[in-house]
Amino acid sequence: MEITIQDLPVYYEIIGTGRPILMIHGWSPDHRLMKGCLEPVFQSLETDWQRIYFDLPGMGKTPGRPWITGSDAMLQVVLEFIDAIIPGQHFLLAGESYGGYLARGVIKARSSQVDGLL
């Protein structure tokens with residue numbers, strides 16, 4: 001699937017239903033890193049989870065843009081993605097490497113919505 005954030009088409013996949021978990025991959029791979037590591041875990045669980053995998057700008061199927069000049073702009077894309085995909089909902093975060101760094105920014109900006117971090 002794809003959603004446009006400003007002028008940026010952001011690629012994402014949603015698997016399952018239930019409580020949302022946003023998966024943020026590290027620098028240079030794409031959503032498949034998190035999906036490959038975590039989907040086997042979720043397949044063995046009986047609880048429903050909505051897993052949201054997406055490609056950060058400039059990685060995977062999401063192109064880069066000249067206005068993304070640093071981590072603040074990257075974080076802004078992530079925040080706008082959250083607002084578009086799961087507006088006002090409580091959610092959990094899973095971040096790997098740079099994705100964990102961005103997750104800390106999400107917690108600062110959306111602390112009332114974030115119920116946990118992996």
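Residues numbered from 1 in each chain as written. Predicted model: local features only at pLDDT ≥ 70, side-chain atom pairs only at ≥ 80, totals over all residues. Heavy atoms only, no water.

Undergrad: Which residues make up the sheet that holds strand E3 (residues 19–24), and what values go with them?
TA: Across the sheet, which stays open at both edges, the six strands sit in the order E1-E2-E4-E3-E5-E6 with mixed pairing between neighbours. In this open sheet, the two strands that pair with only one neighbour each are strand E1 (2–5) and strand E6 (114–117). The mean inter-strand angle of the sheet, taken between neighbouring strand axes irrespective of direction, is 30°. Summarising the sheet, strand E2 (residues 8–15) and strand E4 (residues 49–54) pair through four bridges and their orientation is antiparallel. Bridging from a neighbouring strand, Ile15 pairs with Arg51 of E4. Across the sheet, helix H2 (residues 71–85) touches E1, E2, E3, E4 and strand E5 (91–95), and the angle it forms with E1 is around 125°. Against the sheet, helix H3 (residues 98–110) touches E3, E5 and E6, its axis set at about 155° to E5. (Pairing = 2+ DSSP bridges. Helix = DSSP H or I, 4+ residues; strand = E, 2+ residues; numbered from the N terminus. Axes fitted to C-alpha atoms, helices over the stretch in contact; angles between N-to-C directions. Contact = heavy atoms within 4.5 Å.)

Undergrad: Help me get a handle on the side chain of Gln50, residues and values and all.
TA: Among the secondary structure elements, Gln50 is positioned in strand E4. Excluding residues within four positions of it along the chain, Gln50 makes contact with Ile14, Ile15, Gly16, Thr17, Gly18, Arg19, Pro20, Ile21 and Ile86.

Undergrad: Go over the pairing of E4 with me, naming the residues and quoting the values.
TA: A large share of E4 lies buried, amounting to six of its six residues. Here E4 shows a buried face lined by Trp49, Arg51 and Tyr53 and a second buried face lined by Gln50, Ile52 and Phe54. Taken together, E3, helix H1 (residues 31–43) and E4 form a β-α-β motif whose crossover is right-handed. (Buried < 20%, exposed > 50% of the residue type's maximum accessible area, 1.4 Å probe, protein only. Right-handed = clockwise from strand over helix to strand, strands pointing away.)

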